[in-house]
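Listed below, chain by chain, are the residues.
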Amino acid sequence: MIDRYSDRAQVIKAILIAVGAIFVIRLAVLQVFNNKYKSLAERQSLRNITIYPARGLVYDRNGELLVYNDVVYDLMVVPRSVKNIDTAYFCRSIGITREEFEAYMQKARNYSPYTASPFMKQITKEDYARWQNLLYKFDGFYVQNRTLRVYPKPIAAHVLGYVGEVDEAEMEQNPRYQMGDYVGKSGIEKTYEELLCGKKGRRVVRVDVHSREIGPYENGAHDTVPVAGEKLYSTIDAELQEYAERLMANKRGCVVALEPSTGEVLALVSAPSYNPNLLVGRTRGENYLTLLRDISKPLYNRALQGQYPPGSIFKVAQAMIALDLGVITPNSGFVCDKSLVGCHNHPSARSVQEAIKMSCNPYFYQVYRRVIQQGKYNNIYKDSQYGLTVWRNYMLKMGFGTALDIDIPNVKSGRIPDTAYYNKWYGAGKWAFSTIYSNSIGQGEVEVVPLQMANLAAIVANRGYYYIPHVVKFYGEDSTKIEKYYERHETGIDPQYFDIAAKGMYDVVHGAGGTGHRADVPGIAVCGKTGTAENYGNDHSVFISFAPMEDPKIALAVYVENAQGGGGTWAAPISGLIIEKYLKGEVQRKDVEKMYEEVNPCQKLPLTKRVKKPKKGRRR
Amino acid sequence: MGRKINRYGEGVTRLKFDWTTIGLYLLLVVFGWVNIYAACYNEATSALFDLSTQQGKQMLWVGAAAVVAFVTLYVEPRFWSNTAYIIYGLALALLVLTLFLAVTVNGGKSWIDLGFFRFQPSEFAKFATALALAKYVGTIDVKINSLKGRLTAIAIILVPAALILLQHDTGSALVFAAFVLPLFREGLTKYVLIFAAVAVTLFVLALVLNKYIVMGIVLAGCLVYLFLWLNRRTRKSYIHTIVFFIISCLFVFSVDFAFQKVLEPHQRERIDVLLGKTQDFKGVGYNVHQSKIAIGSGGIVGKGFLKGTITKADFVPEQETDFIFCTVGEEWGFLGSAALMVIYVWFLMRLVKLAERQRSAFARFYGYSIMSILFIHFFINIGMVLGVVPVIGIPLPFFSYGGSSLMAFTLMLFVFIKQDSYRTQLL
């Protein structure tokens, strides 16, 4: 047979080789000279799952748990993977409306159609258990664990603070945070954020086309384990805190209780308070707004941010300065001359001790005059300037006029006016003692934060020194101490003068004619000082105290706003109850307890006229 | 090497099978199965022989194919040439039967469900057509360039192709175009190939470019041909060129019509995706986009056996059948994929060599036929997965999951191998 076309085999072979070559070139283009597909592959087939660490636990001074964590779940969605779902069924299953579904979906889609974002946040364990069996039907949805704060006792909201979703500014400041992370917003949650937050872990998993997990990526080589936050050991005595909050329940004001020998805060109450469990979970936003709009300002921490006129408790500090300066002696006596400054009816004080007991206004007018106008200069204006500077330095050393570095954010400094302050008001050389004498009795331009009042009580209790008040003793497994809270701050005033103050304060509670008898606790040597801070509206009732007189275990300041009656009427008995509770463990005077628990001192005030912030004392 | 006597009383030397071809076949089947295993693999069902899994079933098909191959090697080649028309008739009957009995799979009605196993008669029809056409062309007095010869050959090809088209299995019908190559080898005019190439080029150009630009290109081509290529211009060459130009223009202007009216919507979309006119990665473009991601992410050396992230996660549809090459690309990388290309082309070239050494027109034509069928499968399948050919769902021979195709291809191949081993016995 003649084969005329055998050379055509070569054509066919050429076609085969050409096709093979085209394919190899195409493969090279796709696989070797192109990185696009590699990143596309990673983006769609791998999922980074953040494992949130448990936030650090917080204990009270006796080892009682104040804050722990509960697991909640975020329902996550990858919008692109949501296909063919029965929307009506889905909405019914998880209990949302069609409109909500669309809104959530749109939000997630706006964030990114290809990566996961929260669809619904903080689903409870119960809900999750109910949906778990249904979720597989809905492509593109999965659930991620998160932790929430839980407060077994609804106390100490202002100390503990709260946790909230990180905002833009915080994310910019610290690149560790990502959208949706939680961060301490106030209280020790904020101060100790670095310790509490722990370290996030990561899990890289492979997902299939329905965005279901199908296993670890490269056997978990890229995974990291989360590290739980450090434990905090607080100085708060949960039982005392709870008790103090009970006493302050229907009042406005605050309580600060310190352990004088260490500066540890035993209780810190700002009333009205709120249940810290309100600012957790899905209802947090709503509750937060309610609290924020509440006219009684429950979010406002009066103990640290309220700058009040101290009232008569200030006299203790005035006496110490005058004694240390030597402008008076412990036995100096001044006539109760009501023409200088108003006073209640009492015999004239013949010594500092008596003056403190009776809280004599004219007496301290005289004392303050001697401090301000020491006679160093003939010009009384110049003399007053000098005196004020000396006086102010003493005050600063006692922790006034400066923000005490407590480990709760946003503490205020109060005000101890300096010469520049008065120069601005009146002009340089145009003011003297007679202009500023209201300061002598804790009115006028001085403002004090309740924490500083408690600190004054602690200074007297310690006879002349203090430790910066703090609410965390140490942290972590190895009980790391926080150095600055173990540093003793001296006032520079001779301890013997504080003995006189302590005796005066003992007499306030126990002596005939003392103003604070209601603070008396049977069997305990309570020392205290009343104060009645004049104010728009009713006076504020103030009481600082410590007990027992020798080797004091507790120093406290109680401030009741707009109380009917002076410091002796409201703040003193509440102080007595708190001292009894702390030192005896149990309050035996149930009738007293009941009375002060139930009565609202400012009931008669019209609600709408509540002041946002304590106003400056009236200047006379 | 003892001599034995066959049943026709002829002394034969011991048969020499072409072990290179058999070796390449085994290589493809084994590598194919490995990739099906990888594509279907998950931690829960990693057993090799679990018949509930696809890798397990494919193992069964490989076994069945081995039986087919073994039996085929014992069948005298003369049996096939003698019964070619009968087999062809049977195949046509089966195709007609399919139209009535078929179950619908993926929109096509090309499968007959035998209960224990689904069977695709079109696979068998390729074999039958190859036999019948070889028989016809191999007949002494047939002239392939005579009108009668051409019409008969076209009829033998088109009848089964048309029946398959009626089953909505465009891919399989398209495979019958493969017979152009053996016909070309046997003397069909070269203009068939040239016209086909020109038509495809013009079709693509007409879809992508402005029609007048395409006409300009054609005109320029004609002028270059006439005045630069041809040394001697006769009146005939002028007339031919002018006719070619007119036909081309008509063709270009009818492309739109053909595209819109003749093609199915999904076919139009697939062509649009290929030409980059639409970029619907979530709709019609999804398969090819995912297949490119899978292959492209394999890089030079691949992610390693069983470590593919895209194919493992079911991102690529049909990944154990038509898109099986994705697994190769992802897990074995450029090196593995290119090696597979080399092996495949080598295999096809080997078949060409074998066909060329046949002494009978029947055997040669048959050899070329099966080579061409395998080639067109290879070309369309790999081209589709790599995004250079529109998506047409046909399997990669010896590689894709599926019993019918593996057995049909094995049968075709081993009939030829047996035939080849007899070549010295004839004449």
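Quick caveat, the model's predicted, so the values are computed rather than measured. Numbers given to residues run from 1 along each chain, matching the order in which its sequence is written. Starting at A for chains and at 1 for ligands, labels are handed out in the order in which the entities are written. Note on the predicted model: pLDDT of at least 70 is required for a residue's local features to be given, and 80 or more for side-chain atom pairs to be given and counted; whole-chain, interface and lining totals, by contrast, use all residues. Only heavy atoms go into the side-chain values, all of them from the structure, while hydrogens and water stay out.

1. A short note on the overall build of chain A
Then, number 1: Under the DSSP-based scheme used, a helix requires at least four consecutive residues in state H or I and a strand at least two consecutive residues in state E, with every element numbered from the N terminus. When its secondary structure is counted, chain A shows 22 helices and 19 strands.
Then, number 2: The rule is simple: take the accessible area with a 1.4 Å probe, protein chains only, and divide by the maximum for that residue type; under 20% is buried, over 50% is exposed, in between is partly exposed. Within chain A, buried positions represent 56% of all 620 residues.
Then, number 3: Expressed as a percentage of contacts within chain A between residues at least 6 apart in sequence, the contacts between residues at least 24 apart total 70%.
Then, number 4: Using the Shrake-Rupley algorithm and a 1.4 Å probe, accessible areas are obtained, with residue cover drawn only from the displayed protein chains. Split by element, the accessible area of chain A, about 26,400 Å² in all, is 50% carbon and sulfur. Contacts between residues were defined by any pair of non-hydrogen atoms, one from each residue, lying within 4.5 Å.

2. Notes on helix α14 (residues 361–385) of chain B
Residue and element names in this part refer to chain B.
Then, number 1: Each helix should span, by expectation, one fewer than its residue count multiplied by 1.5 Å. With 25 residues, α14 extends 36 Å between its outermost C-alpha atoms, agreeing within 8% with the 36 Å of an ideal straight helix rising 1.5 Å per residue.
Then, number 2: For α14, the tally of buried residues reaches 24 of 25 residues, placing the bulk of the element in the interior.
Then, number 3: Positive phi appears at G387, one or two residues downstream of α14, with a value of about 75°.

3. Re the packing of helix α4 (residues 121–138) of chain B against α14 of chain B
All names here are of chain B.
Then, number 1: Between N-to-C directions, angles span 0 to 180 degrees; the directions come from axes that are lines fitted to C-alpha atoms, helices contributing only their stretch in contact. Relative orientation of the contacting elements α4 and α14 amounts to 145°, with a least axis distance of 8 Å. Regarding α4 and α14, the two cross each other, and that crossing is right-handed. Taking contact as the criterion, the partners of K126, F127, A130, L131, L133, A134, K135, V137 and G138 in α4 are, on α14, A361, F362, F365, Y366, S369, I373 and H377.
Then, number 2: Nonpolar residues are Ala, Val, Leu, Ile, Met, Phe, Trp, Tyr, Cys and Pro. Charged residues are Asp, Glu, Lys and Arg, and all others, Gly as well, are polar. By residue class, the composition of the contact of α4 with α14 is 11 nonpolar, 3 polar and 2 charged. Should the near helix be turned counterclockwise from the far one by less than a right angle, the crossing is left-handed, whereas a clockwise turn marks it as right-handed.

4. Remarks on the sheet that holds strand β19 (residues 554–560) of chain A
Residues and elements named next belong to chain A.
Then, number 1: In this description, strands pair whenever DSSP reports at least two bridges between them. One open sheet holds the 5 strands; their spatial order is β12-β11-β19-β18-β17, and the pairing between them is antiparallel. At either end of the open sheet lies a strand with only one pairing partner, and these are β12 (264–271) and β17 (527–533). The mean inter-strand angle of the sheet, taken between neighbouring strand axes irrespective of direction, is 5°.
Then, number 2: As judged from the 7 bridges shared by β17 and strand β18 (residues 540–547), these two strands associate in the antiparallel manner. Opposite G531, over in β18, you have V542 as the bridge partner.
Then, number 3: Relative to β12, helix α10 (residues 238–247) is tilted by about 25°, and along the sheet it contacts β11 (253–259), β12 and β19.
Then, number 4: Contacts between helix α19 (residues 450–462) and the sheet are confined to β11, β18 and β19, with β19 contributing the most and set at about 145° to the helix.

5. Here we look at the confidence of the model for chain A
Then, number 1: Confidence per residue, as judged by the predictor, is encoded in pLDDT with a range of 0 to 100. In the predicted model, chain A carries a mean pLDDT of 86, and the fraction of residues at 70 or more is 95%.
Then, number 2: Throughout residues 604–620 of chain A the model reports pLDDT below 50, and contacts reaching past four residues in sequence, or to other chains, amount to 40 contacts.

6. What to know about the confidence of the model for chain B
In low-pLDDT regions, the fine details of the predicted coordinates are not to be read closely.
Then, number 1: Counting all residues, the mean pLDDT for chain B is 85, and 92% of those residues have values of 70 or more.
Then, number 2: Reported for the predicted complex are a pTM of 0.66 and an ipTM of 0.91.

7. Focus on the nonpolar core
Then, number 1: Here, nonpolar core means buried Ala, Val, Leu, Ile, Met, Phe, Trp, Tyr and Cys residues that are tied together by side-chain atoms lying within 4.5 Å of each other. Among the nonpolar cores identified, the biggest contains 141 residues, and W391 and I578 of chain A are the most heavily contacted of them.
Then, number 2: When residues in this core are grouped by element, the largest group, 9 residues, is from α19 of chain A.
Then, number 3: Other than its neighbours up to four places away in sequence, W391 of chain A contacts F314, Q318, I321, Y368, V371, I372, I416, P417, N439 and V446 of chain A.
Then, number 4: Among the nonpolar cores identified, the runner-up in size contains 121 residues, and F31, A65, L95 and M384 of chain B belong to it.

8. Some details on the pattern of salt bridges
Residue and element names in this part refer to chain A.
Then, number 1: A pair is scored as a salt bridge if a Lys or Arg side-chain nitrogen falls within 4 Å of a carboxyl oxygen belonging to Asp or Glu. In this structure the tally under the stated criterion is 33 salt bridges over all chains.
Then, number 2: Notably, a salt bridge pairs D167 with K185, separated by 3.6 Å at the nearest N-O pair. Separated by 18 residues along the polypeptide, D167 in the loop between β6 (163–165) and α7 (168–173) and K185 in the loop between β7 (182–184) and α8 (187–191) bring together distant segments of the chain.
Then, number 3: Classification of D167 by relative accessible area gives partly exposed; the value is 35%.

9. Points about the pairing of β18 of chain A
All names here are of chain A.
Then, number 1: Most of β18 is tucked away, with 8 of its 8 residues classed as buried.
Then, number 2: Two successive antiparallel strands, β17 and β18, enclose a turn made up of 6 residues, where G537 displays a positive phi of approximately 75°.
Then, number 3: In the sheet, β18 pairs with β19 via 7 bridges, with the strands oriented antiparallel. Looking at β19, one finds that V542 is bridged to Y559.
Then, number 4: Between β18 and the antiparallel strand that follows it, β19, lie 6 residues; D551 among them carries a positive phi value of about 50°.

10. Quick word on the interface of chain B and chain A
Then, number 1: Every contact between the two is made by 53 residues of chain B and, on the other side, 36 residues of chain A.
Then, number 2: The term buried area means the drop in 1.4 Å probe accessible area that two parts suffer when joined, counted for both and summed. Both faces combined, the contact of chain B with chain A buries some 3,900 Å², and carbon together with sulfur accounts for 73% of it.
Then, number 3: Summed over the shared surface of chain B and chain A, the result is 0 salt bridges.
Then, number 4: Mapped by element, the contributors of at least two residues to the side of chain B that touches chain A are α7 (180–185), α12 (286–296), α13 (324–356) and α14 of chain B.
Then, number 5: Considering each element in turn, the side of chain B that touches chain A owes the most residues, 12 residues, to α13 of chain B.
Then, number 6: Of the residues in the side of chain B that touches chain A, the class split is 27 nonpolar, 15 polar and 11 charged.

11. Brief notes about the sheet that holds strand β8 (residues 201–207) of chain A
Residue and element names in this part refer to chain A.
Then, number 1: Across the sheet, 3 strands lie side by side as β1-β8-β9; this open sheet has antiparallel pairing. The open sheet has two edge strands with one neighbour each: β1 (46–51) and β9 (213–216). Adjacent strand axes in the sheet meet at a mean angle of 40° when their direction is disregarded.
Then, number 2: The sheet contact formed by β1 and β8 spans 6 bridges and is antiparallel. When the bridges of β8 are listed, I51 appears paired with G201.

12. Describing unusual backbone geometry
Then, number 1: The step from A271 of chain A to P272 of chain A runs through a cis peptide bond, and the omega angle for that step is -5°.
Then, number 2: Between A547 of chain A and P548 of chain A the backbone carries a cis peptide bond, its omega angle lying at -15°.
Then, number 3: In this structure, P548 of chain A sits in the loop between β18 and β19.
Then, number 4: For H168 of chain B, which is not glycine, the phi dihedral falls at a positive 60°.
Then, number 5: As for its position among the elements, H168 of chain B is in the loop between α5 (147–166) and α6 (170–175).
Then, number 6: Residue class for H168 of chain B comes out exposed when judged on its relative accessible area of 53%.
Then, number 7: Although it is not a glycine, E318 of chain B sits at a positive phi angle of roughly 55°.

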